[in-house]
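Observations on the model geometry
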Amino acid sequence: MRATNLIELADGLVTRAERPALVTFAARERPQWSYRHLAGTVRELAKGLIAAGLEPGDRVALFAPDGPEWIAAALAVIRAGTVVTPLDAQFTDDSLAHTLTDSAARLVFTTVDRAARAARLAPAARIVLLDTPEGGASWRELRGHGGSLPERRDADPAALFYTSGTTGPPKGVPLSHGNLAFQVNTLTAVRLVTSGDRVCLPLPLHHVYPFVMGLLTPLALGLPIVLPPALTGPQIVRALKEGEVTVLVGVPRLYSALLSAMELELARRGRWVAAAVGRALDISIWGRRRLGVRWGEPVFRGLRARIGPRLRLLTSGGAALEPTVAWKLEGLGWELATGYGLTETSPMLTLNLPGSGRPDSAGRPIPGVALRFAPPARQERGEGEIQVRSAGVFAGYLNLPDKTREAFTDDGWFRTGDLGYLDAEGFLHITGRADEMLVTPGGENLNPESIEAVFLRHAFLRDFAVLQQDGRLVGLALPDVATIERAGRADVLQAVREAVAEINPTLPSYQRVGEVAVTRDPLPRNRLGKLRRRGLPSLYTGARASTGEQSQGPIALTDMVEADRLLLENEPAKLIWEWLAQRYRGRRLTMDVSLSLDLGVDSLEWLGLTLEIERRAGVQLDEVAIARVATIRDLLRAVAEAPRSGVSSSGMPWDEPERLLSPAQARWLAPLGPGLTLVSRSLMAVNGWLMRLLFRLRTVGLDHLPDGPWVLTPNHTSFLDPLALSAALGRRWLERTYWGGWTGVAFANPVMRGVSRLWRVLPIDQARGAGSSLALAATVLKQGQCLVWFPEGERSRSGQLLPFRPGIGLLLARFPRPVVPVSIRGTFHALPRGKRWVTPRPVTVTFGLPLDPQRLVAPGASPEEAARRIVQGLEAAVADLGRRTERGDSSPSESQPR
């Protein structure tokens, strides 16, 4: 369908009859609107708007989440001859008040939860609800009126978009019927999509790129538009699969996240699988770049099918797509189309078509677009500010004549504000924004985006921005704590600094970052991923002043990125977020906070988390879900997607923890048998002999161990600690004692797993959570066995006692057993963390007096308070025992609670 204005497009919808137009998702269904239903709704509502007194040219605001009703309302506003004004559903009061006042909207389509704000900020406008039954009473009142619909000229305004406001208040950009029809006709003419395609639209429609590319163009071609139920990764993947999507309309950050998810999935399959796939991808990219062949299409068909079985084409706009990301997508076998444009150009100016494009460029100008560069800053390339003439260029900003004059040259060319040049083959290369270029003291012009792109390739950096402070180039980093944690790193700040130190030498000296500040708050970006740079200096200053902890308490909802805000619309996820804010009161909580690295959640505390999640939200997390949890965002996603458990808080399965063990897990508790027992005794005897020979092991207070089952809580500074403690315990105790061992070391290979089995080591893997390691530990205590637990959770780097992880307190609150504090001295000097070779030094193991966990807890205390008190008492006892051991005082402290 070729149209000269959008009214022709709206009237043509009815010709598609019963073909699906809008495909949405409910819990178990896929409701859809046919083209006939959409056309009828649009026509009825358009007549209702006219009957309500709206006149051609009046502006109607859409302040609501995207959905079929939003789309129908937008098309009805256009068909009524009025001007649709899409507003960000996540606008703050300041931005919303500005846009409603500036646009002088006479009517606002909104939802129940936003209606009060809209009415307060636009008191003269009529408020129409979209989300009450059958479209809402107000909408139903508008529909069904008689009367004729107007015709409009190509030059008449059709839509009013507001820029993202990266450098100031949003500016109104009116686009005419002719502007938008030019774009739609161009996109249909290049045959980027075909009549058999199904388009997924996961982007907010208040931006012109998804409005044109994801909505108007598919409707003009009569294609189904698939709308994900939420803008989260799992829900988008669900839409791609169940909606049989062939075309995805996305932005660079979506594709970066998609690749990261695929790489994480490969990493879970093992190092060799990940390496093999990576090598195959490198070969596929080489073939695509050098030979023009698409080896990735058949080779990676199975991998692509995990995202979308029928997905063939990815389109990217809104911001520049990093070339390395583009080549990976092409190497995996997808077709890729990228482009460049601005809101003021409605939007597309250049296009990289699949198969003939250059991912390292912005593409060639589309038909009807003329570019020039003035003034040329570098004569050899003709580089300069990009200026454009096209039927897609707007006429001027709303209510801003001065800004309009600045935006156009004297001879009528639009100044984009971007810098770039055309290469010999006619491809446009963007080199930066004229108003964002940084100038060094040496006179070098720097494009911050190109520098940021280099840093963002590092796996430890989730987001990164560069800015100038006191004439120096500095960086602001949002760490990827999940990746840092998987790499076995415990110090996030140090990991980020090392990442920056690794990247800096690859850059020219004048592009290197002098200092880096680490933040846990998301960097300020608009909903298409562009940085709002005016907010960076204050964020950097706050991060530098407090080492990344800018403030106390949870991040405000308005400061979250859209996907995180939408995640909290899920009721169970919202309940758990509010509970976490209470539980960790006084701590800075953002979606990127690591449960283990930042909040100290160890394997045992997963017991408390899963119990509370089930009690508060009514959902039960299985091991597969828990294994994917690293950050608060991961946890809330797992909660949102988990099935309802149907188990009350009084009937938790932790009363019988052995029920949670699979046969493979339960075998770690099975008796060794005569043969393995003999091997185990021999191994422990050799260990005892070596510890006494090489380290002159001295044992103090072994007689403090009670005859019944107990728990030992030793300090931890070295890999030698369990060997020294084993030798000190001797055969009498070892054969009834189990040990908690981190799977990353004690179970790293078949040999270590075999030794761990002989030593009765339990596989403690915090990624697997309560369903395995916690159930194992709880079963040991319930069955009357002895347990050794290192409550610090890791080896101390300094030799000083680390804070105890809270999980041991919760376990002992539920399974009270005598607890014996243990002080191990000498192992830190013999084999400290980070050293590979042992230096024989004298080692002393001192056992303190046993503690009764119940005496550390006030009567009637809640489980959480009881766990906290137990942990405090244990940490104090181990610290006191360590101090007395250092002084040479091995006598028990009479003040210790028994």
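Refer to the preceding data block for the structure.
This write-up is about the structure you can find in this document. (Residues numbered from 1 in each chain as written. Predicted model: local features only at pLDDT ≥ 70, side-chain atom pairs only at ≥ 80, totals over all residues. Heavy atoms only, no water.)

Looking at the overall build of the chain
When its secondary structure is counted, the chain shows 34 helices and 31 strands. For the chain, long-range pairs separated by at least 24 residues make up 68% of all intrachain contacts whose partners lie at least 6 apart in sequence. Total accessible area computed for the chain in this model is approximately 37900 Å², and 52% of it derives from carbon and sulfur atoms. (Helix = DSSP H or I, 4+ residues; strand = E, 2+ residues; numbered from the N terminus. Contact = heavy atoms within 4.5 Å. Areas by Shrake-Rupley, 256 points an atom, 1.4 Å probe, with all protein chains shown as cover.)

Describing the sheet that holds strand 15 (residues 364-365)
Overall, mixed pairing links the nine strands, which are arranged 2-1-10-9-11-12-13-14-15 in an open sheet. At either end of the open sheet lies a strand with only one pairing partner, and these are strand 2 (32-34) and strand 15. Two strands pair when backbone bridges link them, and strand 14 (residues 348-352) and strand 15 are joined in this way by two bridges, in the antiparallel orientation. Counterpart to threonine 350 in the pairing with strand 15 is proline 365. (Pairing = 2+ DSSP bridges.)

Overview of the nonpolar core
Soluble globular proteins tend to bury their nonpolar side chains together. One finds Leu38, Phe109 and Leu329 to be the most contacted residues of the largest nonpolar core, which totals 116 residues. Other than its neighbours up to four places away in sequence, leucine 38 contacts Leu13, Ala21, Leu22, Trp33, Ala72, Leu75 and Leu219. Membership of the second largest hydrophobic core comes to 30 residues, among which are Val593, Val619, Ala625 and Ala638. (Core = buried A, V, L, I, M, F, W, Y, C linked by side-chain atoms within 4.5 Å. Buried < 20%, exposed > 50% of the residue type's maximum accessible area, 1.4 Å probe, protein only.)

Some remarks on helix 8 (residues 208-221)
Compared with the 20 Å implied by 1.5 Å per residue over 14 residues, the 18 Å span of helix 8 between its first and last C-alpha is a close match. Extensive coverage of helix 8 is indicated by the burial of 13 of its 14 residues. Glycine 222, located one to two residues past helix 8, shows a positive phi value of around 75°. (Expected span 1.5 Å × (residues − 1).)

Describing unusual backbone geometry
With an omega of -20°, the peptide bond running from serine 346 to proline 347 counts as cis. Along the chain, proline 347 turns up in the loop between strand 13 (335-341) and strand 14. Phi at alanine 104 is positive, roughly 55°, even though this residue is not glycine. Tracing the backbone shows alanine 104 in the loop between helix 4 (93-103) and strand 5 (107-110). Of the residues examined, alanine 104 reaches a relative accessible area of 47% and is grouped as partly exposed. Of note in the backbone geometry, serine 346 takes a positive phi value of approximately 60° without being a glycine. Within the secondary structure, serine 346 sits in the loop between strand 13 and strand 14.

Some words on the packing of helix 21 (residues 571-583) against helix 24 (residues 632-641)
For the pair helix 21 and helix 24, the least separation of the axes is 8 Å and the interaxial angle reads 140°. For the pair helix 21 and helix 24, the crossing hand works out as right-handed. For the pair helix 21 and helix 24, contact is made by Pro572, Ala573, Ile576, Trp577 and Leu580 and by Ile632, Leu635, Leu636, Val639 and Ala640, respectively. (Axes fitted to C-alpha atoms, helices over the stretch in contact; angles between N-to-C directions. Left-handed = near helix turned anticlockwise from the far one by under 90°.)

A word on a nonpolar patch on the surface
Residues Ile283, Trp286, Leu291, Trp295 and Val299 make up a contiguous nonpolar surface patch of about 510 Å² in total accessible area. Tracing the chain through its elements places tryptophan 295 in the loop between helix 11 (271-291) and helix 12 (296-299). (Patch = residues over 30% accessible without salt bridge, like charges linked within 9 Å, V, L, I, M, F, W, Y side chains within 5 Å. Salt bridge = Lys/Arg side-chain N within 4 Å of Asp/Glu carboxyl O.)

Regarding the side chain of asparagine 687
Along the chain, asparagine 687 falls in helix 26 (residues 673-695). Those residues in contact with asparagine 687, other than ones at most four positions away along the chain, are Leu723, Ser726, Ala727 and Trp759.

Regarding helix 32 (residues 807-814)
Of all eight residues in helix 32, six are buried, a share of seventy percent or more. Buried within helix 32 we find Gly807, Ile808, Gly809, Leu810, Leu811 and Leu812.

With respect to the sheet that holds strand 22 (residues 461-469)
Strands sit in the order 22-23-24 across an open sheet of three strands; the sheet is mixed. Here the strands that pair on one side only, and so sit at the sheet edges, are strand 22 and strand 24 (515-518). Taken over all neighbouring pairs, the strand axes of this sheet differ in orientation by 25° on average, direction set aside. Of the strand pairs in this sheet, strand 23 (residues 472-479) and strand 24 are connected by four bridges, and their pairing is parallel.

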